[in-house]
Amino acid sequence: MDLTVTTLDGQDAGTVSLSDAIFGLDVRQDLIARVVRWQLAKKQQGTHKTLTRGEVSRTGAKMYKQKGTGRARHHSARAPQFRGGGKAHGPVTRSHEHDLPKKVRALGLRHALSAKLKADELIIVDSLVATEAKTKALTGAFASLGLTNALFIGGAELDNNFKLAAKNIPNVDVLPIQGINVYDILRRGKLVLSKDAIEALEERFK
């Protein structure tokens with residue numbers, strides 16, 4: 001399928017042919033959800049931790065004598081039922097990662113790209129290059145294209161001026177083609193791909 005290419009100034013820059021194997025799939029939400037879950041699980045720190053009864057700093061002496069008090073038979077004040085005692089079955093430091101086949105990850109990315117095209121939220125630009133690292137100038141260009149919430153994907157090397165100028169614009173992310181991922185595609189409204197990014201994607205999924 002053919003899609004119109006524009007410049008950052010909103011000028012027509014011809015057309016580009018998109019591969020149906022990447023952008024023309026019937027979207028499967030379940031695949032996309034699996035990849036997002038895998039990404040977020042991998043990203044989770046897993047550093048939550050509570051102290052068990054063996055780790056709290058408290059005396060281990062028997063609280064009071066075993067018999068004759070009329071009270072329940074207790075031993076250590078470190079037990080979970082006491083204030084200041086250890087936590088029973090609390091969270092421990094661990095990794096939340098789980099495996100996901102590489103083919104499923106690749107398929108999820110293709111479905112996410114197809115979903116953006118079907119939702120009319122995909123824009124192709126000829127290049128992501130700024131003449132100077134000025135946020136104000138880039139904000140004006142984005143406004144002319146109607147971009148207030150977008151992910152920009154460039155080629156293997158990003159233009160430094162463009163990257164610096166877009167850095168302070170809220171709800172705008174800029175990534176090289178190596179960093180393209182399902183979660184970032186979905187969390188932004190528009191997906192903006194450069195022609196270099198299109199070529200790299202077609203090379204990757206050949």
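Residues numbered from 1 in each chain as written. Predicted model: local features only at pLDDT ≥ 70, side-chain atom pairs only at ≥ 80, totals over all residues. Heavy atoms only, no water.

Draft legend 1. Layout of the packing of helix α2 (residues 29-43) against helix α3 (residues 102-118). Direction vectors running N to C along α2 and α3 enclose 115°, while the axes themselves pass 8 Å from each other. The interaxial crossing formed by α2 with α3 has left-handed handedness. Together, L31, I32, R34, V35 and W38 of α2 and V104, R105, L107, G108, H111, A112 and A115 of α3 make up the contact between the two elements. Tallied by class, residues from the contact of α2 with α3 come to eight nonpolar, two polar and two charged. (Axes fitted to C-alpha atoms, helices over the stretch in contact; angles between N-to-C directions. Helix = DSSP H or I, 4+ residues; strand = E, 2+ residues; numbered from the N terminus. Left-handed = near helix turned anticlockwise from the far one by under 90°. Contact = heavy atoms within 4.5 Å. Nonpolar A, V, L, I, M, F, W, Y, C, P; charged D, E, K, R; others polar.)

Draft legend 2. Inspection of the packing of aromatic side chains at higher detail. One pass over the full model with this rule turns up three aromatic pairs. Each ring, one from F142 and one from F152, has its centre 4.7 Å from the other, and the planes form 20°; the classification is stacked. One end of the pair, F142, is in helix α4 (residues 135-145); the other, F152, is in strand β4 (residues 150-153), and ten residues separate them in sequence. For F142, a relative accessible area of 2% translates into the label buried. Between F152 and F162, the ring centres sit 5.6 Å apart and the planes meet at 65°, which makes this aromatic pair edge-to-face. (Phe/Tyr/Trp six-rings, centres within 6.5 Å; stacked < 30°, edge-to-face > 60°. Buried < 20%, exposed > 50% of the residue type's maximum accessible area, 1.4 Å probe, protein only.)

Draft legend 3. Focus on the nonpolar core. F23, L113, I153 and L193 are the most contacted members of the largest nonpolar core, which has 31 residues in total. When contributions to this core are tallied by element, the ones reaching two or more residues are α1 (20-23), α2, α3, β3 (122-125), β4, α6 (182-187), β6 (190-194) and α7 (195-204). Within the second largest apolar cluster, 17 residues are counted, among which are V125, A130, L138 and F152. (Core = buried A, V, L, I, M, F, W, Y, C linked by side-chain atoms within 4.5 Å.)

Draft legend 4. Seen up close, the pairing of strand β1 (residues 2-6). Strand direction decides the pairing type here: β1 and strand β2 (residues 12-17), joined by four bridges, are antiparallel. Pairing of T6 across the sheet is with D12, part of β2. If you look at the hairpin formed by β1 and β2, you'll find five residues sitting between the two strands, and G10 has a positive phi there, around 90°. Direction of pairing for β1 relative to β3: parallel, over a ladder of two bridges. Counted as the bridge partner of T6 is V125 from β3. (Pairing = 2+ DSSP bridges.)

Draft legend 5. Region of interest: α7. Listed as buried for α7 are A197, I198 and L201. Buried residues of α7 fall within an arc of 100° about the axis and therefore sit on the same side. The exposed set on the far side of α7, more than 90 degrees from its buried face, consists of E199 and E203. On the buried face of α7, the contacting elements are β2, α1, α3, β3, β4 and β6. (Arc of directions from axis to C-beta.)

Draft legend 6. Main features of the pairing of β4. Alternating residues of β4 divide into A150 and F152 and L151 and I153, and every residue in both groups is buried. Note that β4 and strand β5 (residues 172-175) share four bridges and pair parallel. Its bridge partner being in β5, I153 is matched across the sheet by L175. The β-α-β motif built from β4, the intervening helix α5 (residues 160-166) and the parallel element β5 has right-handed crossover chirality. By the bridge criterion, four bridges tie β4 to β6 in an arrangement that is parallel. Within β6, the position partnered with A150 by the bridge is K190. (Right-handed = clockwise from strand over helix to strand, strands pointing away.)

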